[in-house]
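# Descriptive analysis of the structure
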Amino acid sequence: MSRKTIIVPKGQRARARDGSPWIFSNEIRMDQAAKALLPGAVVNVRGEDGRAFGTGYFNPKSLIAVRLLSGDCDAAVDVGFFAQRLKHALTLRRAVYDKPFYRLCHAEGDGLPGLVIDRFDDTLTVQTGTAGMERQIEAIAAALDEILRPKTILLRNDAPSRALEGLDPYVRTVKGEGRRIAVEENGARYIADLAEGQKTGWYYDQRDNRAFMARLANERTVLDAYSYTGGFGILAAKAGAAEVVCLDSSPPALAIAEESARANGVAIKPVKADVFEELERLAALRESFDIVLADPPPFVKSKKDLEPGAKAYRKLARLAASVVAPGGILMLASCSHNIPTERFAAECAAGLQRSGRRASLIRQAGAGPDHPVHPQLPASAYLKALVYALD
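A few points on the structure. (Residues numbered from 1 in each chain as written. Predicted model: local features only at pLDDT ≥ 70, side-chain atom pairs only at ≥ 80, totals over all residues. Heavy atoms only, no water.)

## Examining a positive patch on the surface
Applicable threshold: Two joining distances apply to patches: 9 Å for like charges and 5 Å for nonpolar side chains (Val, Leu, Ile, Met, Phe, Trp, Tyr), and every residue must have over 30% relative accessible area and no salt bridge. We get accessible surface area from the Shrake-Rupley algorithm with a probe of 1.4 Å; when it comes to residues, only the shown protein chains can shield them. In what follows, salt bridge is the name for a side-chain nitrogen of Lys or Arg lying within 4 Å of a carboxyl oxygen of Asp or Glu. By the counting scheme adopted, Arg and Lys are positive, Glu and Asp are negative, and His together with the chain ends is not counted. In this description, the location of a charge corresponds to atom NZ of lysine, CZ of arginine, CG of aspartate or CD of glutamate. Runs of H or I in DSSP of at least four residues are treated as helices and runs of E of at least two as strands, each being numbered from the N terminus.
Residues Lys311, Lys315, Arg318 and Arg354 make up a contiguous surface patch of positive charge. Among the elements that make up the positive patch, the one with the highest residue count is helix H9 (residues 306-321) (3 residues). Relative to the assigned elements, Arg318 resides in helix H9.

Here is the structure:
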């Protein structure tokens with residue numbers, strides 16, 4: 001069967017002309033033949049003038065109608081294709097990290113839109129967030145077997161965003177059965193629940209920021225707000241922190257944090273509470289910490305959430321600053337790609353100003369090199385971390 005060709009009308013201002021891997025539904029000729037295609041079908045994309053945009057996969061039900069996989073039309077999308085792309089991604093990670101714990105594939109940043117793979121030694125968690133990648137699961141698994149021969153491949157396909165592609169949520173093991181594993185990062189050993197934990201069970205994106213904050217923690221008191229399973233707090237404790245409080249609303253996450261702390265021979269104080277309420281309570285009691293870390297879940301999950309989400313970041317900055325001791329350090333982070341870096345920084349600055357504290361920005365950072373950013377997709381640089389020295 002010949003491959004369907006999606007047409008970009010002459011004169012249409014498609015972002016793909018500038019190198020974007022995304023082509024939106026209003027940028028193509030959405031004729032009846034296109035509408036009849038199954039979500040995730042592999043297609044060629046050409047301009048009405050004959051220009052080749054390349055090979056991609058198509059979803060007539062999605063705002064992002066085409067996600068390009070290759071700049072060539074009629075490119076094969078098979079086990080060999082995925083193996084080649086994943087080998088390239090693997091080479092980059094091996095050049096950066098000396099142990100096999102990292103994000104192996106970061107979607108568009110690695111030329112595989114809609115696909116995220118985290119590696120935990122011989123265990124892999126795979127997320128397919130689009131109909132196009134969902135249709136390629138067997139080829140992806142075969143490619144991973146070819147290049148890595150993992151013991152376990154777990155599909156963590158339960159992200160709410162899948163609904164935008166018409167996909168149901170599920171968690172399923174393709175190979176093996178290991179789900180609760182150990183993660184080695186920055187010289188620490190953490191416990192992660194890959195089947196029940198958030199996202200893929202661990203957040204590799206904060207690795208470099210955890211290391212930076214740990215260097216400041218010796219003999220200091222630390223509050224790790226939204227601690228999840230203790231990524232920041234445990235490393236701070238290993239670095240010699242005088243006290244570490246891990247604050248989160250999830251009892252299972254805090255239980256894993258305590259288990260990880262014991263595995264590293266350190267102690268943390270778990271506190272189950274709503275972060276905003278606890279920060280207000282601590283401020284009322286005039287309690288403070290030398291270092292406060294606030295790495296919340298996304299407050300801006302979609303563009304319609306921008307204004308209330310921005311207000312929440314501003315409030316978090318104000319409340320967090322209120323419990324930083326004189327001469328202390330505050331880190332504020334956002335994993336919301338729907339709030340631009342400049343807006344996030346402005347809201348944090350406004351919150352700090354309202355707290356009455358004088359602050360100096362000493363670090364601006366994002367995710368590590370295992371989260372590569374597509375040059376034409378600024379939103380793929382989703383993580384933002386700002387570190388301030390307070391008076």
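## Notes on the sheet that holds strand E9 (residues 152-157)
Just so we agree on the cut-off: By this definition, two strands are paired if DSSP reports at least two bridges between them. Throughout, an axis means a line fitted to C-alpha atoms (over the contacting stretch in the case of helices), and angles, computed between N-to-C directions, take values from 0 to 180 degrees. A contact between two residues is defined here by any heavy atoms of the two lying within 4.5 Å.
Spatial ordering of the open sheet is given by E6-E7-E8-E9-E10, a layout of 5 strands whose pairing is mixed. The strands lining the two open edges of the sheet, one partner per strand, are strand E6 (101-106) and strand E10 (170-175). Averaged over all neighbouring strand pairs, the angle between strand axes comes to 20°, with direction disregarded. Sheet topology note: the E6/strand E7 (residues 115-120) ladder contains 5 bridges and is antiparallel. Along E7, the bridge assignment pairs Arg103 with Asp118. Sheet contacts for helix H2 (residues 79-96): E6 and E7; angle to E6, the most-contacted strand, approximately 145°.

## Re the pairing of strand E13 (residues 221-225)
Basically, it comes down to this: We call a residue buried when its accessible area falls under 20% of the maximum for its residue type, exposed when it is over 50%, and partly exposed in between, using a 1.4 Å probe and counting protein chains only. If the strands point away from the viewer and the path from the first strand over the helix to the second runs clockwise, then the crossover is right-handed.
The element E13 is extensively covered by neighbouring structure, given that 5 of its 5 residues are classed as buried. Every second residue of E13 is oriented toward a common face, with Thr221, Leu223 and Ala225 on one face and Val222 and Asp224 on the other, all of them buried. Sheet topology note: the E13/strand E14 (residues 243-248) ladder contains 5 bridges and is parallel. Within the sheet, the bridge partner assigned to Val222 lies in E14 and is Val244. Crossover connection from E13 via helix H6 (residues 231-238) to parallel E14: handedness right-handed. Strand direction decides the pairing type here: E13 and strand E16 (residues 289-294), joined by 4 bridges, are parallel. The residue bridging Val222 from the neighbouring strand is Ile291, located in E16.

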